Amino acid sequence: MRLKVVRNNLAKIAIRGTEFECIDEALVGPTILAFSMEDPGAAARLLKDFAKEKEAFEIKGLAVGGELMGADQIDRLAKLPTRHEALTMLAAVTQAPITKLARTLNEVPSKVTRAVAAVRDQKQEAA
């Protein structure tokens with residue numbers, strides 16, 4: 001993740017013709033740009049936490065995939081799981097059917113064993 005304090009004129013020139021051109025209207029007054037290429041929620045989490053501590057700090061907008069989002073939507077982006085969390089969730093979802101199959105296959109011999117034991121107990125009681 002990178003943070004840059006930029007001059008608005010230079011930022012407008014730099015973003016011209018890129019997917020970040022949508023933030024042009026938000027470049028008014030003092031501006032800090034936060035970039036997070038690996039984890040889209042990292043910059044949002046950092047800025048949201050900083051905004052809680054500093055009342056004068058204002059989030060103007062977010063650019064995600066060439067679309068400008070309002071500052072009120074920072075929670076949506078900040079709540080995205082990190083890459084590690086997302087991979088963990090994917091592994092859990094992928095593992096669930098295999099685990100269920102293993103439990104089901106393990107249950108068959110257990111039921112047979114219980115049934116044989118019940119028949120044995122009935123024959124012992126009858127004798």
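Everything below is about the structure printed above this text.
One structure accompanies this document, and this report is about it. (Residues numbered from 1 in each chain as written. Predicted model: local features only at pLDDT ≥ 70, side-chain atom pairs only at ≥ 80, totals over all residues. Heavy atoms only, no water.)

## Points about the overall build of the protein
Counted only if it meets this: For helices the rule is a DSSP run of H or I covering at least 4 residues; for strands it is a run of E covering at least 2, with both sets numbered from the N terminus onward. Atoms considered for the radius of gyration are the C-alpha atoms alone. The globule rule reads 2.2 Å times the number of residues to the power 0.38. Relative accessibility decides the category of a residue: with a 1.4 Å probe and only protein chains considered, values under 20% of the type maximum give buried, values over 50% give exposed, and everything between is partly exposed.
Within the protein one finds four helices and four strands. The C-alpha radius of gyration of the protein comes to 29 Å, more than 25% above the 14 Å expected for a compact globule of 127 residues. With the C-alpha coordinates of the protein rotated into their principal frame, the extents come out at 100 × 35 × 20 Å. Buried positions account for 17% of the 127 residues belonging to the protein.

## Section: the nonpolar core
General note: in soluble globular proteins, nonpolar side chains tend to be found buried as a group. To be explicit about the condition: The nonpolar core is taken to be a set of buried Ala, Val, Leu, Ile, Met, Phe, Trp, Tyr and Cys residues, with the residues joined through side-chain atoms within 4.5 Å. Here, two residues are considered to be in contact whenever any of their heavy atoms come within 4.5 Å of each other.
Core analysis: the largest hydrophobic core is formed by eight residues, namely Ala44, Leu47, Ile59, Leu62, Met69, Ile74, Leu77 and Ala78. Those elements that provide at least two residues to this core are α2 (40–53) and α3 (74–78). Ranked by the residues each element gives to this core, the list is headed by α3, at three residues. Those residues in contact with Ala78 that sit more than four places away from it in its chain are Gly41, Ala44, Arg45 and Lys48. With six residues, the next largest nonpolar core counts Ile15, Cys22, Ile23 and Leu27 among its residues.

## With respect to helix α1 (residues 8–15)
The cut-off we apply is this: Here the arc refers to the directions that run from the helix axis out to each C-beta atom.
Taken as a whole, α1 has its buried residues at Asn8, Ala11 and Ile15. Here the buried residues of α1 occupy an arc of 60° about the axis, which is enough to place them on one side. Exposed residues lying more than 90 degrees from the buried face of α1 are Asn9, Leu10, Ile13 and Ala14. Summarising the contacts, the buried residues of α1 are in contact with β1 (2–6) and β2 (31–35). Positive backbone phi, at 80°, marks Gly17, one or two positions downstream of α1.

## With respect to a nonpolar patch on the surface
Heads up, the rule is: Candidate patch residues must exceed 30% relative accessible area and have no salt bridge, after which like charges are joined if within 9 Å and Val, Leu, Ile, Met, Phe, Trp or Tyr side chains if within 5 Å. To be clear on the numbers: accessible area is Shrake-Rupley with a 1.4 Å probe, and residue cover counts the displayed protein chains and nothing else. Within this document, salt bridges are pairs made up of a side-chain nitrogen of Lys or Arg and a carboxyl oxygen of Asp or Glu, the two lying within 4 Å of each other.
On the surface, a nonpolar cluster with roughly 480 Å² of combined accessible area is contributed by Met1, Leu3, Val5, Ile32 and Leu46. Tracing the sequence through the fold places Met1 in the segment before β1.

## A word on the packing of aromatic side chains
For any pair of aromatic rings, the description rests on two quantities: the centre-to-centre distance and the angle between the ring planes. Rules: The pairing test for Phe, Tyr and Trp rings, Trp by its six-membered ring, is centres within 6.5 Å, and the orientation test on the planes gives stacked under 30 degrees, edge-to-face over 60, and tilted for anything in between.
As enumerated under the stated definition, the model contains one aromatic pair in all. Consider the rings of Phe50 and Phe57, whose centres lie 5.0 Å apart with planes at 85°: the pair is edge-to-face. The exposure class of Phe50 is partly exposed, given its relative accessible area of 36%.

## Quick look at α2
Turning to α2, its buried residues are Gly41, Ala43, Ala44 and Leu47. The arc that holds the buried residues of α2, viewed along the axis, is 155°, so those residues lie on one side. Exposed side chains of α2 directed beyond 90 degrees from the buried face belong to Lys52 and Glu53.

## Describing the side chain of Thr31
Applied cut-off: Contacts described as polar in this section are N or O atom pairs within 3.5 Å, which, within protein, must combine one atom able to donate a hydrogen with one able to accept it, while residues neighboring in sequence count only if both atoms come from side chains.
Structurally, Thr31 can be placed in strand β2. The exposure class assigned to Thr31 is buried, which follows from its relative accessible area of 9%. In this structure the side chain of Thr31 is engaged in a polar contact, spanning 2.7 Å, whose partner is the side chain of Asn8. Only 2.9 Å separates the side chain of Thr31 from the backbone oxygen of Gly29, close enough to count as a polar contact.

The values are spatial; any link to function lies outside them.
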